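Given next are the chains, with one letter for each unit.
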Amino acid sequence: MFNLTMLGLIIGNTFINATPILFTGLGGMMSEKSGVTNIGLEGMMAIGALIAATVGFYVGNPWIALIAGGLAGMFFALIHAIISITFAGDQTISGIAINYLGPGLALFLGRLFFDGATQTKTIPSEAKIPILFKNVFNGHPFLSNVFSQYATVYLSLLFVVLVYIFLYKTKWGLRVIAAGEHPRACETLNINVVRVRYLSVLFSGFMAGIGGASLSIAVVSSFSPTLVAGQGFIALVTVIFGKWTPHGVLLGSVFFGLAQAVAVFFGGTSLQIPSEFISMIPYIATLLILIFFGGKTLAPTASGKPYLTEDIQ
């Protein structure tokens, strides 16, 4: 019978599942705000998850592992930035290539680091991201399920606030928005559009890497080729659903986190629901979001359009 404890479990799982998508979605949003479409988030998450799991196992420090995962994602973002910004290449094709390269390289490196195994060795519990408020709500199962979360959950919520303040309350954030809306006008105001876009894309890669790392060193204790399982693409949908705003990405991430939590809940009940259908719930939710919201949102004007300074000469 459904009770308050189960409700708390669903809410807690919602935030756990939303965290990787939220990190990655914030990064994707920042890139698109500057005018560069980054659909390579899936590949960046994959390499970030692998590097974080590897560093976490060998070094034993979860925070070093988390940063390492972010830097791995940033490296792939640098490749995307060089192709898309410096050489004005097709941003979609570059992103697709990274989505193939990231998981492929992660699998190769995983075999290299762990003697041919497709899955990395399990990270010791002390090397995982710590759980905050773990013993604070003893005797209160509902509160414990809701608030006793991995530190990355609270870190992702903090990033929502920081990104919002950066974008809308600082001149640097307004420059990012301007670079994605009217890059030629930016140049007349001595704003370096190329630099703004580079930094934004690198940030998107770092956040995607952290998103992948939050899977491999928090939610689970290892990396496997199926760990990310399309969550980078779901993060892209949250950007569209959230209308390219930090709070919108948060709302979209929570929605998809809830879809996954509901899938887990139904999977643990005695209801005669095929497991294949239960696994489809988050992806069906993704399609519904695209159907009902995809055509009602407008991306930044210059998003996806190559920009060269020679064009204004």
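Predicted model, so just to flag it, every value in this text is computed and none were measured.

Student: Explanation requested: helix α2 (residues 41-59) in the structure shown.
Tutor: In an α-helix, one turn spans 3.6 residues, which is why side chains three or four residues apart end up on the same side. For α2, spanning 19 residues, the distance from its first C-alpha to its last is 26 Å, which sits close to the expected 27 Å at 1.5 Å a residue. For α2, the buried fraction is high: 16 of the 19 residues fall into the buried class. Immediately beyond the C-terminal end of α2, within one or two residues, lies Gly60, with a positive phi of roughly 85°.

Student: What's the story with a nonpolar patch on the surface in this structure? I'm lost.
Tutor: A surface patch of nonpolar side chains, amounting to about 610 Å² of accessible area, comprises Tyr58, Val59, Ile64, Phe108, Leu112 and Phe113. Every element with two or more residues in the nonpolar patch is listed here: α2 and α4 (91-113). Here the nonpolar patch takes three residues from α4, the largest share from any one element. Structurally, the position occupied by Phe113 is in helix α4. The exposure class assigned to Phe113 is partly exposed, which follows from its relative accessible area of 31%.

Student: Is there a simple way to think about helix α7 (residues 171-181) in this case?
Tutor: The complete set of buried residues in α7 reads Gly173, Val176, Ile177, Ala179 and Gly180. Buried residues in α7, looked at end-on, bunch into an arc of 160°, giving them a common side. Those residues of α7 that are buried are in contact with α1 (4-34), α6 (151-169), α8 (183-188) and α9 (193-219).

Student: What is the right way to read the packing of aromatic side chains from this model?
Tutor: Summed over all chains, the structure comprises 10 aromatic pairs. Taking the centre distance of 6.0 Å and the plane angle of 75° together, the rings of Phe23 and Phe159 count as edge-to-face. Here Phe23, found in helix α1, pairs with Phe159, found in helix α6; they are 136 residues apart in sequence, far enough to count as distant. Clustering of aromatic rings is evident, with ring pairs tying together Phe57, Tyr58 and Phe114.

Student: Would you mind showing me how to read unusual backbone geometry here?
Tutor: The bulk of non-glycine residues show a negative phi, and the bulk of peptide bonds are trans. For Asn190, which is not a glycine, the phi torsion comes out positive at approximately 60°. Its place among the elements puts Asn190 in the loop between α8 and α9. Using a relative accessible area of 73% as the deciding quantity, one classes Asn190 as exposed. Positive phi, normally seen in glycine, also occurs at Lys243, with a value near 55°. Along the chain, the position of Lys243 falls in the loop between α10 (231-241) and α11 (246-267). According to the relative accessible area criterion, Lys243 is exposed, its value standing at 52%.

Student: I keep staring at the side chain of Asn17 and nothing clicks. Help me out?
Tutor: Within the element layout of this structure, Asn17 appears in helix α1. Residue class for Asn17 comes out buried when judged on its relative accessible area of 18%. If we skip the residues at most four places from it in the chain, Asn17 touches Gln231, Gly257, Gln260 and Ala261.

Student: Whenever I open this one, the environment of Tyr100 confuses me. Can you help?
Tutor: Within the secondary structure layout, Tyr100 lies in helix α4. Expressed as a C-alpha distance, the spacing of Tyr100 and Gly40, which sit 60 residues apart in the sequence, is 8.7 Å.

Student: Any chance you could explain the packing of α2 against α10 here in plain terms?
Tutor: In a pair of packed helices, the angle between the axes and the distance between the axes together describe the arrangement. Contact geometry for α2 and α10: axes closest at 7 Å, N-to-C directions at 130°. The angle between α2 and α10 falls in the class oblique. Our pair here, α2 against α10, has a crossing hand that is right-handed. Every residue of α10 that contacts α2 at Leu41, Glu42 and Met45 is listed here: Gln231, Gly232, Phe233 and Leu236. Looking at the contact of α2 with α10 residue by residue, the class counts come to four nonpolar, two polar and one charged.

Student: What should I look at first to understand the nonpolar core in this one?
Tutor: The biggest cluster of nonpolar side chains holds 63 residues, and the ones touching the most others in it are Leu26, Met29, Ile47, Ile51, Leu167, Ile217 and Phe223. Breaking this core down by element, the ones donating at least two residues are α1, α2, α3 (62-86), α4, α6, α7, α9 and α10. Residue contributions to this core peak at 12 residues, all from α9. Among residues more than four places away in sequence, those in contact with Leu26 are Ser156, Phe159, Val160, Phe203, Met207, Pro246 and Val249.

Parameters at a glance
Residues numbered from 1 in each chain as written. Predicted model: local features only at pLDDT ≥ 70, side-chain atom pairs only at ≥ 80, totals over all residues. Heavy atoms only, no water. Helix = DSSP H or I, 4+ residues; strand = E, 2+ residues; numbered from the N terminus. Expected span 1.5 Å × (residues − 1). Buried < 20%, exposed > 50% of the residue type's maximum accessible area, 1.4 Å probe, protein only. Patch = residues over 30% accessible without salt bridge, like charges linked within 9 Å, V, L, I, M, F, W, Y side chains within 5 Å. Areas by Shrake-Rupley, 256 points an atom, 1.4 Å probe, with all protein chains shown as cover. Salt bridge = Lys/Arg side-chain N within 4 Å of Asp/Glu carboxyl O. Arc of directions from axis to C-beta. Contact = heavy atoms within 4.5 Å. Phe/Tyr/Trp six-rings, centres within 6.5 Å; stacked < 30°, edge-to-face > 60°. Axes fitted to C-alpha atoms, helices over the stretch in contact; angles between N-to-C directions. Parallel < 35°, antiparallel > 145°, perpendicular 65-115°, else oblique. Left-handed = near helix turned anticlockwise from the far one by under 90°. Nonpolar A, V, L, I, M, F, W, Y, C, P; charged D, E, K, R; others polar. Core = buried A, V, L, I, M, F, W, Y, C linked by side-chain atoms within 4.5 Å.

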